[in-house]
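Residue-level listing of the chains:
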Amino acid sequence: MNWGTSMLQLLKRYWAVIRRPSVHFSLGFLTIGGFIAGILFWGAFNTAMEVTNTEKFCTGCHEMRDNVFAELKSTIHYTNRSGVRAICSDCHVPHNWTDKMARKMQASKEVWGKIFGTVDTPEKFDAKRLELAQHEWARLKANDSLECRNCHNYDSMDFTRQSQRAQNMHSTYLANKEKTCIDCHKGIAHQLPHIPPGVGPSDSPGQVVPAPVAMAKP
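A brief structural summary. Being a predicted model, the structure only gives us computed values, none of them experimental.

## A few points about the nonpolar core
In this structure, Leu 130, Ala 133, Trp 137, Leu 140, Ile 182 and Ile 195 together form the largest nonpolar core, which totals six residues. Ranked by residue count, the leading element in this core is helix H8 (residues 122-142), at four residues. Trp 137 has contacts with Ile 182, Lys 186, Leu 192, Pro 193 and Ile 195, leaving out every residue within four places of it along the chain.

Okay, structure coming up:
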């Protein structure tokens with residue numbers, strides 16, 4: 001008897017045991033027990049998901065803590081007069097459950113980046129900055145800046161407290177849905193990467209793209 005046949009027989013025996021009615025426990029007990037086990041599993045699962053959304057978890061590796069998180073600290077999304085702080089997950093993880101799960105699966109690729117040291121030095125991070133930024137810009141463009149709209153509501157905007165340029169942009173491009181938030185606010189929480197001539201986005205009117213940083217010669 002080969003290994004495959006013996007394994008098949010073993011699986012059949014296990015399946016027969018699982019299908020056999022319980023001798024010691026009633027159907028009601030098993031149903032209630034399964035229900036309670038499901039609640040415990042769901043609670044543990046959601047707790048784990050919430051842990052992965054915390055600022056402490058997101059900045060647990062030096063790649064994030066020393067680069068993008070350090071940049072966030074200098075912006076109005078981190079410190080402002082109203083005391084409302086946006087953390088990483090507010091801008092990078094959708095709030096509704098289905099989109100959140102899809103985003104979590106997509107972000108699992110970052111584990112491989114950590115293992116293989118894709119951006120584990122400032123030099124490597126700067127080299128990948130444009131590519132990483134373009135991925136997020138495209139994602140937010142595709143979902144109509146969903147994470148931005150979780151906090152910012154067009155209908156609640158007080159145009160009288162905005163600059164003339166902001167009034168014109170919002171009342172025109174947002175009103176007719178020609179643009180979405182990320183089109184004009186790409187550098188709102190992190191430094192803009194240098195974008196080579198001819199590669200710059202055409203959907204960011206008036207946005208200044210930084211020049212490349214000159215490397216010091218030895």
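## Side note on a nonpolar patch on the surface
Where nonpolar side chains cluster on the molecular surface, the patch consists of Ile 32, Phe 35, Ile 36, Ile 39 and Leu 40 and spans about 540 Å² of accessible area. Its location among the elements puts Ile 36 in helix H2 (residues 27-51). Judged by its relative accessible area of 45%, Ile 36 falls in the partly exposed class.

## Quick look at the pattern of salt bridges
Applying the stated rule across the entire model yields twelve salt bridges. Ionic pairing is found between Glu 63 and Lys 114, a salt bridge with its closest N-O pair at 3.1 Å. Pair noted here: Glu 63 is in helix H4 (residues 62-72) and Lys 114 is in helix H7 (residues 109-115), with a separation of 51 residues, a long-range link. The shortest N-O distance in the salt bridge between Arg 139 and Glu 136 comes to 2.9 Å. Linking Arg 139 with Glu 136, this pair stays in helix H8, spanning three residues, or about one helical turn. Given the relative accessible area of 13%, Arg 139 is considered buried. By relative accessible area, Glu 136 is classed as buried at 16%. Connected via shared salt-bridge partners are Arg 103, Glu 136, Arg 139 and Glu 147.

## Comments concerning empty space enclosed by the protein
As enumerated under the stated definition, the model contains one cavity of 30 Å³ or more in all. What the largest cavity holds in volume is close to 40 Å³. Taken together, Arg 149, His 152, Asn 153, Tyr 154, Met 157, Leu 174 and Cys 181 make up the full set of residues lining the largest cavity. Classifying every residue of the lining of the largest cavity gives four nonpolar, two polar and one charged.

Reading guide: rules and limits
Numbers given to residues run from 1 along each chain, matching the order in which its sequence is written. Residue-level local features of this predicted model are given only where pLDDT is at least 70; pairs of side-chain atoms are given and counted only at 80 or more, and the full residue set underlies all totals for whole chains, interfaces and linings. Side-chain figures throughout are based on the complete set of non-hydrogen atoms in the structure, without hydrogens or water. Residue types Ala, Val, Leu, Ile, Met, Phe, Trp, Tyr and Cys, when buried and joined through side-chain atoms within 4.5 Å, form a set referred to as a nonpolar core. Categorising residues by exposure relies on relative accessible area from a 1.4 Å probe, with only protein chains included: less than 20% of the type maximum marks a residue as buried, more than 50% marks it as exposed, and the intermediate range marks it as partly exposed. In DSSP terms, a helix is any run of H or I states spanning at least four residues, a strand is any run of E spanning at least two, and both are numbered starting from the N terminus. Only heavy atoms enter the contact rule, under which two residues are in contact if any of them lie within 4.5 Å. Patch definition: residues above 30% relative accessible area lacking any salt bridge, with like charges linked at up to 9 Å and the nonpolar side chains Val, Leu, Ile, Met, Phe, Trp and Tyr linked at up to 5 Å. The Shrake-Rupley method, run with a 1.4 Å probe, gives the accessible areas here. Residue values count only the displayed protein chains as cover. The working definition used for a salt bridge is a side-chain nitrogen of Lys or Arg within 4 Å of a carboxyl oxygen of Asp or Glu. Lining residues are defined by having an atom within 4 Å of a point belonging to a cavity or pocket. Those points lie on a 1 Å grid over the protein atoms alone, cavities being sets where a 1.4 Å probe fits but cannot get out and pockets being open sets with protein on both sides within 12 Å along at least five of seven lines. Grid points are joined across faces, edges and corners, and a volume is the space filled by probe spheres set on the points. Under the convention adopted here, Pro, Cys and the residues Ala, Val, Leu, Ile, Met, Phe, Trp and Tyr are nonpolar, Asp, Glu, Lys and Arg are charged, and Gly plus all remaining residues are polar.

The values are spatial; any link to function lies outside them.
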